[in-house]
Amino acid sequence: MQRSCGRRIRELGRRQGPVPLTYLSPGMGGDPASPPGPESRLPSCPLPTPVLSFPLRRPESQHAKGCLMADWKISALLAGKAPVGETVTVKGWVRTRRDSKAGLSFVAVHDGTAFDPIQVVAPGSLPNYAGEIQRLTTGCAVVCTGVLAASQGKGQSVEIQATNIEVLGWVEDPETYPVQPKRHTMEYLREIAHLRPRTNTFGAVARVRNCLAQATHRFFHENGFYWIHTPIITTSDAEGAGEAFRISTLDLANPPRTPEGGIDWSQDFFGREAFLTVSGQLNVEAFCCAMTRVYTFGPTFRAENSNTSRHLSEFWMIEPEIAFADLSDDADLAEAYLKSLFRAVLDERGDDMAFFAQHVEPEAVSRLEAFVDTSFERMTYTEAVDHLGKAKKAFEFPVKWGMDLQSEHERYLCEELCKRPVVVMDYPKEIKAFYMRLNDDGRTVAAMDVLAPGIGEIIGGSQREERLEVLDARITEMGLDLQEYWWYRDLRKYGTVPHAGFGLGFDRAVNYVTGVKNIRDVIPFPRAPKLAEF
RNA sequence: UCCUCGGUAGCUCAAUGGUAGAGCAUGCGGCUGUUAACCGCAGGGUUGUAGGUUCGAGUCCUACCCGAGGAGCCA
């Protein structure tokens, strides 16, 4: 069933015709326009080589050149991609060293390509054994060459019988090297954000995060979406999505003034006030109303003084937008997308997920498996309020129609009442943004929140108001300036169509998948109030 | 930003208002195809910061800084 990349590209080029509102899972391939079957499956191209070198070199080609060694990814060696007896070289960092005075040392080396390190057996006969090998400590950078062998000990299938170990980088003061081969708290690791990628926990988080990002692009690509690079800098601060960071090149100590005494922004870099984006949605709607299926995936900035385990000042958001679609289509998309993400992690990062299940969150794997197999519960806001009113649980805040749901209410719905992800739809218009489509009842809008057990609101979305006169009324009603939205309103003047979309907090998705509780521990270098050291 | 709890060795944590300690890590020695190895010895401290109460403060009080949990804002 393996197919060449070239043939696959030709086949993709042939695809035409309508794309129905059904969603494929990444890796499953398949053309929705044709009946499902083996022929429609398009396996993704296998990664071409287990070696780490770039440009890519296969071990065989090196042999052909008379070279006896090749650089291997540790993940490939642990996966049995190299034959026992092969001479291999790995490059990485020491996790632990255990000595045997009988004349050998065991060095666990990791290179970030897999959760597990590989065991390098260093015999006492190495010329630098006493001088260097026995001085190796956690964190040293090494190049190890030797013969791949079936392990004599327990705990690993293969190991490297070293014939040469070169130490490239020493740890200059092992006593104060912050990463020790022991359990560290996440709070401590956060203070050494430049070194925490070397820990097994954060390495696993980084690989899972990458897997989710790749799976995101794969899902949208395979379903006919275009990735739109919406701007980071915006001149609109009235998007209703929270406080924005101002950007300016004016001299803060001595800014130009208007006659009235205010700051004269017309002399600033962009000739007007400018901010970091709080959402790419409004911009991506312009491309949606031209290209049908689009999405953004990039950083987003909020200047809120939020000190919680769920908020960052700089975070990554994914915002798909689909034309000729309503709220129900939007919910379908959210469900298909989330399931494809989690399926990818289960398929591709079993080693890391096993670690999370063992040490971080016992349910990490089982709840993802359940997630991809069960459909989301769906209910209207009005039904949700009903359920909450009948709940035997005592809430700190009373439930009343018209009020926004509190965290405790959302948790009850998905964790206790339904025990699965829940999509709550059709909220009172007073508590939602101006661009959400007014329902026929006149008092609710076509908004939805996806609530996931253990993480809360992971997706917020809506059908957009495509009727100009209704949109204008909502903008005015909420005290906003019509003129500020002139180009957004143009989209309704010229060939308007029903469309919908949502925003997924990417970092929150990583929280959910890994079971890591704090959002500051699933992003490489977190930014939050009073936190921008690295 | 609000409420609650916390900050002691490189890390994780003990210590009734009365001599600051353990495990791990590090160094040295011992032992072993080891598995966060194990055994022995050693070094390692302005108890978050600044004040205050007291004969005496890690411990009590005040302010500030930092962290955690919860809340608000939201993704």
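Residues numbered from 1 in each chain as written. Chains lettered and ligands numbered in written order. Predicted model: local features only at pLDDT ≥ 70, side-chain atom pairs only at ≥ 80, totals over all residues. Heavy atoms only, no water.

Novice: Honestly, the pattern of salt bridges in this entry has me stumped. Any pointers?
Specialist: When the charged atoms of two side chains lie near each other, side chains of opposite charge can form a pair. On inspection of all chains with the given rule, the structure shows 24 salt bridges. Lys 432 is the partner of Asp 449 in a salt bridge, and the nearest nitrogen-oxygen pair spans 3.5 Å. Placement of the pair is Asp 449 in strand β14 (residues 444–452) and Lys 432 in the loop between β13 (422–428) and β14, with a sequence separation of 17 residues. Lys 432 matches Asp 449 in its accessibility class, with the two residues each being buried. Note that Glu 477 and Arg 474 form a salt bridge whose closest N and O atoms lie 3.5 Å from each other. Taken as a pair, Glu 477 and Arg 474 lie in helix α12 (residues 468–477) at a separation of three residues, close to a single helical turn. You can call Arg 474 buried: its relative accessible area is 3%. (Salt bridge = Lys/Arg side-chain N within 4 Å of Asp/Glu carboxyl O. Helix = DSSP H or I, 4+ residues; strand = E, 2+ residues; numbered from the N terminus. Buried < 20%, exposed > 50% of the residue type's maximum accessible area, 1.4 Å probe, protein only.)

Novice: Which parts of the structure should I look at to understand the protein's contact with RNA strand B?
Specialist: RNA strand B sits among 52 residues. The nearest are Lys 182, Arg 190, Thr 308, Gln 406 and Arg 508. Near-protein atoms of RNA strand B (within 4 Å) split between backbone and bases, with sugar and phosphate holding 45%. Between RNA strand B and His 184, the relevant distance is 3.3 Å, taken from a sugar or linking oxygen to a side-chain nitrogen or oxygen of the residue. Between a phosphate oxygen of RNA strand B and a side-chain N or O atom of Thr 185, the distance comes to 3.2 Å. Take the surface near RNA strand B: its biggest share by element is four residues, from strand β1 (residues 87–100). (Near = heavy atom within 4 Å. Polar contact = N/O pair within 3.5 Å; in protein donor to acceptor, adjacent residues only side chain to side chain.)

Novice: How do you make sense of the environment of Val 422 when you look at a structure like this?
Specialist: Note that Val 422 resides in strand β13. Taking relative accessible area as the criterion, Val 422 reaches 0% and is therefore assigned buried. For Val 422 and Val 450, which are 28 residues apart along the polypeptide, the C-alpha to C-alpha distance reads 5.7 Å. In this structure, Val 422 is in contact with Glu 377, Met 379, Leu 413, Cys 414, Asp 449, Val 450 and Leu 451, ignoring residues within four places of it in sequence. (Contact = heavy atoms within 4.5 Å.)

Novice: Explain helix α7 (residues 327–348) here, please?
Specialist: An α-helical turn contains 3.6 residues, so any two residues separated by three or four positions project in the same direction. Between its terminal C-alpha atoms α7 stretches 32 Å, which fits the 32 Å expected from 22 residues at 1.5 Å a residue. Of all 22 residues in α7, 16 are buried; the element is thus mostly enclosed. The backbone nitrogen of Ser 328 has a side-chain oxygen 3.1 Å away, supplied by the residue at the start of α7, namely Asp 326. (Expected span 1.5 Å × (residues − 1).)

Novice: Which parts of the structure should I look at to understand the sheet that holds strand β9 (residues 274–276)?
Specialist: Neighbouring strands of a sheet are bound in pairs by backbone hydrogen bonds; such pairs are parallel or else antiparallel. Strands sit in the order β7-β9-β8 across an open sheet of three strands; the sheet is antiparallel. Here the strands that pair on one side only, and so sit at the sheet edges, are β7 (233–234) and β8 (246–247). Where β7 and β9 come together, two bridges link them in antiparallel fashion. For Thr 234, the partnering residue across the bridge sits in β9 and is Phe 275. (Pairing = 2+ DSSP bridges.)

Novice: Even after reading the chapter, I still don't get helix α8 (residues 350–359), so can you show me in this structure?
Specialist: For α8, the full list of buried residues reads Asp 352, Met 353, Phe 355 and Phe 356. Taken around the axis of α8, the buried residues stretch over an arc of 155 degrees, which confines them to a single face. For α8, the elements touching its buried residues are α5 (200–222), α7, α9 (364–373) and α14 (506–514). (Arc of directions from axis to C-beta.)

Novice: So what exactly am I meant to see when it comes to the sheet that holds strand β12 (residues 377–380) here?
Specialist: Read across the sheet, eight strands follow the order β6-β10-β11-β16-β15-β14-β13-β12 without closing on themselves; strand pairing throughout is mixed. Looking at strand neighbours, the two that pair on one side only are β6 (226–227) and β12, the edges of this open sheet. Note: β12 against β13, four bridges, orientation parallel. By the bridge assignment for β13, Thr 380 is matched with Met 425. Of the strands in this sheet, β12, β13, β14 and β15 (456–463) are in contact with helix α11 (residues 407–417), which crosses β14 at around 55 degrees. Contacts between α14 and the sheet are confined to β10 (293–301), β11 (314–323), β14, β15 and β16 (499–505), with β16 contributing the most and set at about 55 degrees to the helix. (Axes fitted to C-alpha atoms, helices over the stretch in contact; angles between N-to-C directions.)

Novice: Quick question: what am I supposed to make of the packing of α7 against α9 here?
Specialist: Helix-helix packing is described using two parameters, namely the angle between the two axes and the distance between the axes. Axis separation between α7 and α9 bottoms out at 9 Å; the angle between their running directions is 135 degrees. In terms of their interaxial angle, α7 and α9 are classed as oblique. Crossing handedness for the pair α7 and α9: left-handed. Contacts from Leu 338, Lys 339, Phe 342, Arg 343, Val 345 and Leu 346 of α7 reach α9 at Val 365, Leu 368, Glu 369, Phe 371 and Val 372. (Parallel < 35°, antiparallel > 145°, perpendicular 65-115°, else oblique. Left-handed = near helix turned anticlockwise from the far one by under 90°.)

Novice: Can you walk me through the packing of aromatic side chains in this structure?
Specialist: Within a pair of aromatic rings, the relevant descriptors are the distance that separates the centres and the angle that separates the planes. Counted by the stated rule, this structure contains 24 aromatic pairs. Among the aromatic residues, those joined into a cluster by ring pairs are Phe 219, Phe 220, Phe 225, Trp 227, Tyr 295, Tyr 337 and Phe 502. Positioned above the aromatic ring of Trp 170 is the side chain of Arg 135, whose terminal nitrogen or guanidinium carbon lies 4.5 Å from the ring centre. Over the ring of Tyr 512 we find Arg 367; its NZ or CZ atom is 4.5 Å from the centre of that ring. (Phe/Tyr/Trp six-rings, centres within 6.5 Å; stacked < 30°, edge-to-face > 60°. Lys NZ or Arg CZ within 6 Å of the ring centre and 35° of its normal.)

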